[in-house]
Amino acid sequence: MSSEIPTLRWGIIATGLISSWFVQDLALVRKDAKANHVIQSIGSSSVDKARAFVSKHLPGKQPTVYGSYEEVYRDPEVDIVYIGTPHAFHKQNCLDAIHAGKHVLCEKPFALNADEAKEVFAAAKAKGNVFVMEGVWTRFFPLTRTLHDLLHRDKIIGDVQRVFCDFGMKMDVAALPADSRLKNPALGAGSLLDIGIYSLTWGLLALDPLRQAVKPTIAATQNIEYGIDTASSILLQYPGKQGILTSTMAAKTPTSFARIEGSEGYIVVDGFVASVPASFTVHSSKLGGTETGPDGLQVKKYEFERPGRGFYWEADAVARDIAAGNTEDAIMPWEETVRVLEILDQVRKQGGARFPQDK
Ligand SMILES: NC(=O)C1=CN([C@@H]2O[C@H](COP(=O)(O)OP(=O)(O)OC[C@H]3O[C@@H](n4cnc5c(N)ncnc54)[C@H](OP(=O)(O)O)[C@@H]3O)[C@@H](O)[C@H]2O)C=CC1
Ligand SMILES: O=C1OC[C@@H](O)[C@H](O)[C@H]1O
């Protein structure tokens, strides 16, 4: 790769909440940017929606606007398609973009189940030379990378033994319209794929980040209401270590936390706003500092700045991968997307949440 930072031209499909967050972040001026991001075109179910999206979220910019997704796939000025549609459309959107020869960054969850994800990756492999990644943005945060290194490179709390993680949102499912992406099973609704995926992500990052351990034993239970899981609890059992990973759409107030326990201490990840933590605190006999907590362990808090929301970290990684000729990213490779979806499939099998698209 040359010393110049790469430029990537994005075609955005769908003009909902996440697409607005994504483009706002990519439009930020950053002094430490690792790539230039150009919002080249916007595709929506209606050209008026696309125009309104641009004037609201990209003032002063003039991307090409389309009243369909197909025109984005066909746009020769677009290098990569960002997919911000509801879960149930991800597979077909990915296949269509790949078929047109575009790189793809697809929002989480990558697909409804592991079979769908494998179908997309097979298509990408057959096409050759297209980069595809699931946008699990929190994996790319400096906070997450630092936590990963402290846990696994420095073994700052010794051997990881247990992980607790909860993500609770107040979504008032009863009041949502039947066609909401958060309520309609045909759109992939439910707590598990929408927010439980984050709890599972923290669990896997702590317990088995490199997919080296044997596959875990899974025990799971789900509240099924309105035909979807409104709450899910997962127990992941690895030899000598376990994760307790939960999600609910019925929290009284939004709650999120993660606590990772090891043989020499523990780490509390906190300051969450929805899926995003602000800091973590290490309590350990291995810190080498002087400040100690009531439990006699040394204590160190790690805090992180996050201008905007933080989508540019995953976008920069994607741009650098593409410039380097990679078809997968090392932090979120295809195998990891499949591992996560296989666990989610197993949880739904035990818990009872079904999508019409499941075989
Ligand atoms: N990384 C993160 O923090 C977050 C990720 N997400 C993920 O982003 C994706 C989209 O979520 P979000 O932006 O909240 O969803 P929204 O409901 O806000 O937007 C979805 C958009 O998809 C398009 N769409 C196409 N078909 C349908 C349909 N049948 N019903 C509804 N919308 C449709 C519409 O855009 P148009 O009419 O322009 O085509 C719509 O605006 C999901 O995969 C979700 O999990 C969501 C929130 C946060
Ligand atoms: O990814 C997400 O994180 C935040 C939630 O509000 C949202 O529903 C979900 O898709």
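For the protein, an unreviewed UniProt entry supplies the name D-xylose 1-dehydrogenase (NADP(+), D-xylono-1,5-lactone-forming) and the organism Capronia epimyces CBS 606.96. UniProt, in the comment section headed Sequence similarities (unreviewed entry), describes the protein in these words: "Belongs to the Gfo/Idh/MocA family."

We now examine the domain arrangement of the protein. Here the domain parsing of the protein yields domain 1 (7-136 + 311-328) and domain 2 (142-305 + 339-351). Placing the centre of domain 1 and that of domain 2 at their C-alpha centroids yields a distance of 27 Å. Facing 16 residues of domain 1, the contacting portion of domain 2 comprises 15 residues. For the pair domain 1 and domain 2, the number of links is 2 salt bridges. Salt-bridge contacts for Lys-118 lead to Glu-342; the nearest nitrogen and oxygen are separated by 3.1 Å. At the junction of domain 1 and domain 2, the tally comes to 7 residue pairs in polar contact (both at pLDDT 80 or more).

What follows covers the nonpolar core. Trp-10, Phe-110, Leu-236 and Ile-267 are the most contacted members of the largest nonpolar core, which has 105 residues in total. Ranked by the residues each element gives to this core, the list is headed by helix α7 (residues 191-207), at 11 residues. There are two domains that each give this core at least three residues, and those are domain 1 (7-136 + 311-328) and domain 2 (142-305 + 339-351).

With numbering matched to this structure, UniProt assigns "domain: GFO/IDH/MocA-like oxidoreductase" (unreviewed entry) to residues 153-267. Spanning residues 153-267, this segment combines 16% helix with 48% strand, and its end C-alpha atoms are found 15 Å apart.

Take the sheet that holds strand β1 (residues 7-13) next. Judged by pairing direction, the sheet is parallel, and its 6 strands sit side by side in the order β3-β2-β1-β4-β5-β6 without closing on themselves. Unpaired on one side and paired on the other, β3 (64-66) and β6 (132-135) mark the two borders of the sheet. Each strand of the sheet is rotated relative to its neighbour by a mean of 25°, with strand direction disregarded. Summarising the sheet, strand β4 (residues 80-83) and strand β5 (residues 103-107) pair through 4 bridges and their orientation is parallel. Following the sheet pairing, Val-81 is matched in β5 by Val-104. In this fold helix α2 (residues 47-57) packs onto β2 (36-43) and β3, with an angle of close to 145° to the strand it touches most, β3. Across the sheet, helix α4 (residues 90-99) touches β1, β4, β5 and β6, and the angle it forms with β5 is around 170°.

The subject of this paragraph is empty space enclosed by the protein. Overall, the coordinates contain 2 cavities of 30 Å³ or more when judged by the stated rule. Each pocket or cavity is described by its volume, and for the largest cavity that value is around 40 Å³. Contributing to the lining of the largest cavity are Thr-144, Leu-147, His-148, Leu-151, Trp-202, Leu-205, Ala-206 and Ile-260. Mapped by element, the contributors of at least two residues to the lining of the largest cavity are α6 (142-153) and α7. Looking at which element gives the most residues to the lining of the largest cavity, the answer is α6, with 4 residues.

Cut-offs used in this document
- Residues numbered from 1 in each chain as written.
- Chains lettered and ligands numbered in written order.
- Predicted model: local features only at pLDDT ≥ 70, side-chain atom pairs only at ≥ 80, totals over all residues.
- Heavy atoms only, no water.
- UniProt positions renumbered as here; feature names shortened; annotations may be inferred.
- Domains from an automatic or database assignment.
- Contact = heavy atoms within 4.5 Å.
- Salt bridge = Lys/Arg side-chain N within 4 Å of Asp/Glu carboxyl O.
- Polar contact = N/O pair within 3.5 Å; in protein donor to acceptor, adjacent residues only side chain to side chain.
- Core = buried A, V, L, I, M, F, W, Y, C linked by side-chain atoms within 4.5 Å.
- Buried < 20%, exposed > 50% of the residue type's maximum accessible area, 1.4 Å probe, protein only.
- Helix = DSSP H or I, 4+ residues; strand = E, 2+ residues; numbered from the N terminus.
- Pairing = 2+ DSSP bridges.
- Axes fitted to C-alpha atoms, helices over the stretch in contact; angles between N-to-C directions.
- 1 Å grid on protein atoms, 1.4 Å probe; cavity = no way out; pocket = protein on both sides within 12 Å on 5 of 7 lines; lining within 4 Å.
- Points joined across faces, edges and corners; volume = space filled by probe spheres on them.

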